[in-house]
Amino acid sequence: MCAQTPREQVDLSACNSLRLPVRAQYFVRLADVGAVPEAMAWARRRQLPTWILGGGSNLVPRADWPGLTVQLGAAGVRFESAGRGVRAEVQAGHTWDALVAETLKRGLTGLECLSGIPGTVGAAPMQNIGAYGAEVGSLVEAVYAVDRRSGKTHCFSAQDCRFGYRTSRFKQDEADAWVITRVVLRLRTGNPAPLDHPEIQAELVAVGAKPSARAVREAVLAVRRRKLPDPTGLPNVGSFFHNPVIDAVSWRALEARFPGLVSYPEAAGHRKLAAGWMIDALGWKGRRCGAFGVHEHQALVLVHHGGGTGAQLLEFAQRIQADVLHHFGVALEIEPRVYPV
Ligand SMILES: Cc1cc2nc3c(=O)[nH]c(=O)nc-3n(C[C@H](O)[C@H](O)[C@H](O)COP(=O)(O)OP(=O)(O)OC[C@H]3O[C@@H](n4cnc5c(N)ncnc54)[C@H](O)[C@@H]3O)c2cc1C
């Protein structure tokens, strides 16, 4: 039996940043990650599926959640010197942006470009969160995760995590195999690495700030406030679609057909296409269909105006995907996790 007994039929509509209606068949919030194996065993004995909820800022509830939903409440960070840097060992339930703020207060650098991303530390390695040229994967030393079937804890090195653009082994392995309980990050002291993001550079110039880690955080937060709707006022999950990565040959052919197509260089000659540019070019930006719409300033963000369901949101997203595929021949993938599948 779980130390905390799961509650039945729990309304989690306020626990997802899209504010979509959803109930969990069973729900438990664990204050101690040591209780994760026990919670998994509780569900296994009843042959129930399990689902991990972080801050709910990167998921779409399609319908009510069957089985046991577990939220990790454990927060806390332990800092220790490690060579010329500092190691931060963080509990999965810690709020991501609180961690970023705390590291900067301690004079550590590395996380400043990842300021303002909602959610928890445990979810950060899942999709290798990234923004303004930085990705969490490049700072990860290790990730501790519980195998949902055996209840055993594994320690994965950064290489074992198989980080890529908005992906990792935790997304690629058999669905929902792992519960991330702790993340170890390696941070630096001193000045931040040179910035190569034009928007953040321009913001630093505009406010006359030197590129210290704290100034970069302020610049990132200012740019995010301008570009992204605040989910507490206008529910959303940030980017709804991945930026598709295509090979050089396909990119040249596409660019010849669509001059002005925005893309960025990727490894091995590949190009990352700006999905928002394609959606905007097709006239979706600012369009509203019933309860959902495309944000007026950021075509990659779908917003919920209220009264809609996850199924309706996915129908709306499918219309955009079909339009982009028809016009550009490019398939857009949905970024947030849809559950139940
Ligand atoms: C306004 C806004 C802006 C955003 N900007 C960015 C951005 O710039 N860059 C970016 O990368 N993302 C961005 N996001 C997406 C989101 O904030 C991140 O993906 C974040 O890491 C999700 O954290 P969460 O705790 O809310 O996860 P949830 O939404 O609760 O869960 C997401 C997925 O991770 C799984 N999960 C959560 N915790 C664990 C765990 N401990 N162990 C195993 N699985 C787990 C869940 O089961 C689910 O599959 C943005 C979202 C919003 C709303």
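Residues numbered from 1 in each chain as written. Predicted model: local features only at pLDDT ≥ 70, side-chain atom pairs only at ≥ 80, totals over all residues. Heavy atoms only, no water.

Digging into the overall build of the protein
Definition in use: Every helix listed is a DSSP run of H or I at least four residues long, and every strand listed is a run of E at least two residues long, numbered separately from the N terminus. Computation of the radius of gyration draws on C-alpha atoms, with the globule rule given as 2.2 Å multiplied by the number of residues to the power 0.38. Buried residues are those whose accessible area, probed at 1.4 Å on protein chains only, stays under 20% of the maximum for their type, while exposed residues exceed 50% and partly exposed ones sit between those limits. Any two residues whose heavy atoms approach within 4.5 Å are treated as being in contact. What sets the accessible areas is the Shrake-Rupley method with a 1.4 Å probe; for residues, cover comes only from the shown protein chains. Think of it this way: Lys and Arg go in the positive column, Asp and Glu in the negative one, and His and the chain ends go nowhere. Note on charges: their place is set at NZ of Lys, CZ of Arg, CG of Asp or CD of Glu.
From N to C terminus, the protein includes 8 helices and 21 strands. Relative to the globule expectation of 20 Å for 341 residues, the C-alpha radius of gyration of the protein, 20 Å, shows essentially globular dimensions. Summarising its shape, the C-alpha atoms of the protein cover approximately 60 × 50 × 40 Å along the three principal directions. Taking all 341 residues of the protein together, 52% fall into the buried category. Taking the intrachain contacts of the protein between residues at least 6 apart in sequence as the baseline, contacts between residues at least 24 apart amount to 62%. Carbon and sulfur atoms make up 51% of the accessible area of the protein, which amounts to about 15,700 Å² in all. The distance from the centre of the 39 positive side-chain charges to the centre of the 31 negative ones in the protein is 2 Å.

A few points about the site of the ligand
Selection criterion: Being near a molecule or strand, for a residue, comes down to having at least one heavy atom within 4 Å of it. For the purposes of these results, a polar contact is taken to be a pair of N or O atoms within 3.5 Å, where, inside protein, one atom must be able to donate a hydrogen and its partner to accept one; residues adjacent in sequence count only when each atom of the pair is a side-chain atom. Residue polarity follows a fixed list, in which Ala, Val, Leu, Ile, Met, Phe, Trp, Tyr, Cys and Pro are nonpolar, Asp, Glu, Lys and Arg are charged, and the others, Gly among them, are polar.
The environment of the ligand is formed by 32 residues, the closest being Ile52, Gly55, Ser57, Asn58 and Thr120. Gly55 places a main-chain nitrogen or oxygen 2.7 Å from an oxygen atom of the ligand. Interatomic distance of 2.7 Å between a side-chain N/O atom of Thr120 and an oxygen atom of the ligand. Coverage of the ligand by the protein amounts to 95% of the 980 Å² it exposes when considered alone. Among the elements of the structure, strand E3 (50-53), strand E9 (130-131), strand E13 (178-189) and strand E14 (236-239) are those that each provide at least two residues to the shell around the ligand. When its residues are assigned to classes, the shell around the ligand shows 16 nonpolar, 13 polar and 3 charged.

Considerations on the domain arrangement of the protein
So the rule is basically this: Boundary definitions for the domains trace back to an automatic or database domain assignment. Defined in terms of a 1.4 Å probe, buried area is the accessible area two parts forfeit on being brought together, summed over both. When a carboxyl oxygen of Asp or Glu is within 4 Å of a side-chain nitrogen of Lys or Arg, the pair counts as a salt bridge.
With domains assigned, the protein is organised as domain 1 (7-72), domain 2 (77-189) and domain 3 (236-339). Centre-to-centre separation of domain 1 and domain 3, based on C-alpha positions: 29 Å. Contact residues are listed per partner, giving 17 residues for domain 1 and 17 residues for domain 3. Summing both partners gives a buried area of about 1,400 Å² for domain 1 against domain 3, and 61% of it is carried by carbon and sulfur. Applying the counting rule to domain 1 against domain 3 returns 0 salt bridges. In this structure, the connection of domain 1 to domain 3 is made through 7 residue pairs in polar contact (both at pLDDT 80 or more). Residue assignment for the side of domain 1 that touches domain 3 shows that the elements contributing at least two residues are E3, strand E4 (59-61) and strand E5 (65-72). Sort the elements by how many residues they give to the side of domain 1 that touches domain 3 and E4 lands first, with 3 residues. Taken together, the residues of the side of domain 1 that touches domain 3 break down into 11 nonpolar, 4 polar and 2 charged.

Comments concerning the sheet that holds E14
Filter applied, for reference: Any two strands between which DSSP finds at least two bridges are classified as paired. Think of each axis as a best-fit line through the C-alpha atoms, taken over the contacting stretch in the case of a helix, with angles from 0 to 180 degrees between the N-to-C directions.
Taken in spatial order, the 4 strands of this open sheet run E14-E20-E19-E18, and their pairing is antiparallel. Each edge of the sheet is formed by a strand with only one pairing partner; in this case those strands are E14 and strand E18 (288-289). Both E14 and strand E20 (residues 301-304) contribute to a ladder of 2 bridges, which runs antiparallel. Bridging from a neighbouring strand, Ser239 pairs with Val301 of E20. Lying on the sheet, helix H8 (residues 310-328) is in contact with E18, strand E19 (292-294) and E20; it crosses E19 at an angle near 35 degrees.

Points about the layout of surface pockets
Here is the rule: Whether a set of points on the 1 Å grid over the protein atoms alone is a cavity depends on a 1.4 Å probe fitting there but being unable to get out, while an open set qualifies as a pocket with protein on both sides within 12 Å along at least five of seven lines; lining residues are those with an atom within 4 Å of a point. Grid points are joined across faces, edges and corners, and a volume is the space filled by probe spheres set on the points.
Taken as a whole, the second largest pocket holds about 250 Å³ of empty space. Along the walls of the second largest pocket sit 15 residues, with Glu112, Cys113, Ala134, Arg188 and Ala193 positioned nearest its centre. Here the residues of the lining of the second largest pocket are counted per class, giving 9 nonpolar, 3 polar and 3 charged.

Focus on the side chain of Ser168
On the secondary structure map, Ser168 appears in the loop between strand E12 (153-157) and helix H3 (169-172). On the basis of relative accessible area, Ser168 is assigned to the buried category, the value being 0%. Reaching out from Ser168, the side chain makes a polar contact with the backbone oxygen of Pro125 at a distance of 3.0 Å. Of note is the side chain of Ser168, whose polar atom sits 2.7 Å from the backbone oxygen of Met126.

As for the nonpolar core
To keep things clear, this is the line we draw: Nine residue types can take part in a nonpolar core, namely buried Ala, Val, Leu, Ile, Met, Phe, Trp, Tyr and Cys, and a core is a set of them joined through side-chain atoms within 4.5 Å.
The biggest cluster of nonpolar side chains holds 42 residues, and the ones touching the most others in it are Trp96, Leu111, Leu114, Val136, Phe170, Leu185 and Ile200. At the level of elements, strand E7 (85-91), helix H2 (96-105), strand E11 (140-147), E13, helix H4 (198-207) and helix H5 (213-227) are the ones that each hand at least two residues to this core. By residue number, the principal contributor to this core is H5, which donates 6 residues. Excluding its chain neighbours within four sequence positions, the residues that come into contact with Leu114 are Trp96, Val100, Ile129, Gly130, Ala131, Ala134, Glu135 and Val136.

Side note on the sheet that holds strand E16 (residues 263-265)
With antiparallel pairing, the 3 strands of this open sheet are ordered in space as E15-E17-E16. Strands at the two margins of the open sheet, each flanked by one partner only, are strand E15 (245-246) and E16. Relative to strand E17 (residues 271-273), E15 runs antiparallel, the two sharing 2 bridges. The residue bridging Ile246 from the neighbouring strand is Arg271, located in E17.

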